[in-house]
Structures are given as structure tokens and as C-alpha cells.
Amino acid sequence: MRARIARKTRFHLRRMTPVVLVTPRWSQAQRFLDEVSVDLLVGEPIVRARTLSLHPLAGRTPHQAWSWLVLAMTEFCQLPLEGPAWQVVSRRGFRHVMRELFVRADEGERRCLMIHGAEHIQVEALRDLIEVFDDHVRNRTGPARFNLVLAGMIDAPHFGFPAFERLVLPDFGPEEAVELLVELIGAADRARLRSAVSVIGGIPAMLDLLGTEAASRLGDLAADRRAVWRVLGAIATEVRRSYDIVAADEGLLARMELIAREGPQPVDPERDEPLLRAGLVLGQGHAEGSRKTAIRAPFLEDLATAG
């Protein structure tokens, strides 16, 4: 499933179609985009891409975000800023400068700026960026030479617009997950790897940890499914913390327990959205062919039914 989304992403970016990529928690979005950027250098047409994390903008004001985004754009496209730097500290100035930069970027080689971690930027600044680029795309008179990817945990109406292709980055499928572990630790015991995947599912960050720091403890998972909480260490702590926050709401707790006990359920937007943001479930579009909300990994069922 993840490989299929990678192919779709490359297809749209070679056609210079902007992409909004919804990246659930622990999905290793930067690694995914880095791999796509390398693939875009092979074959035709070549697109030179760079990833840009918005994590440094966590807690920053819109004014700081506007300035930071303009600087990142000028550095990536090697375009000098025309006019005084202070002009970008206002919304009007930011929109004017970014509009001019997008126009000038379309005169160079095929490039794509892959922005991820969109959940870290103020909604106001994110909306400004989206609207300015959307306006640029709709009013473009020549061929597209500059493109944009916006990736983040956000799955809401303000995250994207009609000019973008919307994709959801899924977890690894069972065989993909086994192959990833084989790449990391070898194929000495595929049965043991499949057993581990049957517990933790295809969550990328957890597979990475299992294949590196916790590779010697794969046997613990085969012997005791509950060992996942010891084996995954800090990530398991994050999962518990995320679940505890959700469980403080009786409605969300009941929804989580229902899905864990009875399997995938018809989508309930009001209650499923917080569970999606918490990284505990997969929703419509988050799994190939999915029209229901399901528990993201088998071990999370144990967490939800423990009480």
C-alpha cells in the first residue's frame, strides 16, 4: 500500500501537480518524501526536490512563520529577495513576496519543495501559504516548473484545495513490513518477523525501532504479545500517553473500545477525527479501499480492552 502511494506521488509530481499528503502520527513522513525525491532524479522528466520540515515553527507567531517561509523559498530556489526584508512581516507583504517568488521559480528548472510537519505551523500562516500558491497555480500562464507538496497530520478542510491532489500516507502492508525488517536485520527467520508484524502492524516508526534498537528482542514478541510495551520503549510511552488523553473523554473511549472489540466500524467523523490525530486508528482513505474506521495495529486492541 505504501509503495502504491509512492508511485502515485511520483506520478503527480512529474506532471507538476501539487500534492497534499496526510501523514498520520509515526508515519515517518520525511523518510518517505526523501525516498520520493531520490526517485524523481531517475527517469524523465527529472524533478529536483527538497524536503523542508515545519517543526521549527512550533509555537511561532504567524509573523515569524511568514518570514521563515520566505527565507526557505529564496534559499531553495536560489532567488534573491527583491525589496526590503521587513516587508514580509505582514500578511499583505508575505502574500506579495511569495506570489512574486512563485512566478520567478516557474522560470527555472523543474523543482518541488516538499513541506512536511504542517501541524506545527499556525493555521493562519498555513492558510496564507496555501491560498497564495493556489492563486499562483490558477493564474499561471506558462508551463509549470515549480511545484509544492504539503504534508502533515492535518486532515481537515482548510488543509488543501481543488488544485491539489490529496493523498494519505498509509502504514506498510504486512508483506511490506516484513521486507522492511528483512532489509534492516536480515532474513534469518521470516516466521519470527511475520509474528512481530502480526502484533505491531505496519506503523513505520515502530518497525524502524524494531529493526534497529530492538532487533535482539524480536523473540519477546513471539513469546508474549504484551511484550510490545517493553520492546518499543519510548514510542510505547508515547502511545500510552496518547491513549490516556483520548480515554479521558468518555465518548472517545467508548468509540475506541467498540472498534477494538467488534472490528472496523462505519465512519463517525466527530469521534474518529481525534482518534486519527492520536494515531490510534485508521480511517477512510488511510488504508487502501477502507470505508470504515479500524484499529491501527493489533496491539492497540489489547490497550483498548484492558479495562
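Residues numbered from 1 in each chain as written. Predicted model: local features only at pLDDT ≥ 70, side-chain atom pairs only at ≥ 80, totals over all residues. Heavy atoms only, no water.

## Brief notes about the packing of helix α12 (residues 250-262) against helix α14 (residues 298-305)
With their axes 9 Å apart at the nearest point, α12 and α14 run at an angle of 125° to one another. When the axes of α12 and α14 are compared, the pair comes out oblique. You can see that α12 and α14 cross each other, and the crossing is left-handed. Residue-level contacts link M256, E257, A260 and R261 of α12 to L300, E301, A304 and T305 of α14. Its residues assigned to classes, the contact of α12 with α14 shows 4 nonpolar, 1 polar and 3 charged. (Axes fitted to C-alpha atoms, helices over the stretch in contact; angles between N-to-C directions. Helix = DSSP H or I, 4+ residues; strand = E, 2+ residues; numbered from the N terminus. Parallel < 35°, antiparallel > 145°, perpendicular 65-115°, else oblique. Left-handed = near helix turned anticlockwise from the far one by under 90°. Contact = heavy atoms within 4.5 Å. Nonpolar A, V, L, I, M, F, W, Y, C, P; charged D, E, K, R; others polar.)

## Here we look at empty space enclosed by the protein
The gaps left among the atoms become clear once a water-sized probe is rolled over them. For the coordinates displayed, the defined rule picks out 2 cavities of 30 Å³ or more. In this structure, the second largest cavity occupies an estimated 50 Å³ of space. Considering the residues around the second largest cavity, the lining is formed by L69, M73, M98, F102, L113, I115, L129 and L148. Those elements that provide at least two residues to the lining of the second largest cavity are α3 (62-77), α4 (91-105) and β3 (111-116). Among the residues making up the lining of the second largest cavity, the classes are represented as 8 nonpolar, no polar and no charged. (1 Å grid on protein atoms, 1.4 Å probe; cavity = no way out; pocket = protein on both sides within 12 Å on 5 of 7 lines; lining within 4 Å. Points joined across faces, edges and corners; volume = space filled by probe spheres on them.)

## Things to note about the sheet that holds strand β5 (residues 165-168)
One open sheet accounts for 5 strands, arranged β2-β3-β4-β1-β5; its pairing is parallel. Edge positions in the open sheet fall to β2 (48-53) and β5, since each of these has one partner strand only. With strand direction ignored, the average angle separating the axes of adjacent strands in the sheet is 20°. One ladder, built from 5 bridges, connects β3 with strand β4 (residues 146-152); its direction is parallel. (Pairing = 2+ DSSP bridges.)

## Describing the packing of aromatic side chains
Counted under the stated rule, the structure contains 7 aromatic pairs. For the pair F76 and F146, a centre-to-centre distance of 6.4 Å together with 55° between the ring planes defines the contact as tilted. Residue F76 is found in helix α3, and its partner F146 is found in strand β4; the two are separated by 70 residues along the sequence. For F76, a relative accessible area of 13% gives the class buried. Residue class for F146 comes out buried when judged on its relative accessible area of 0%. (Phe/Tyr/Trp six-rings, centres within 6.5 Å; stacked < 30°, edge-to-face > 60°. Buried < 20%, exposed > 50% of the residue type's maximum accessible area, 1.4 Å probe, protein only.)

## Focus: the state of the cysteines
All chains considered together, the criterion is met by 0 disulfides. The structure places no disulfide on C77, whose sulfur is separated from the nearest cysteine sulfur, that of C112, by 10 Å. Of the residues examined, C77 reaches a relative accessible area of 3% and is grouped as buried. Overall, the relative accessible area of 1% leaves C112 in the buried class. (Disulfide = S-S within 2.5 Å.)

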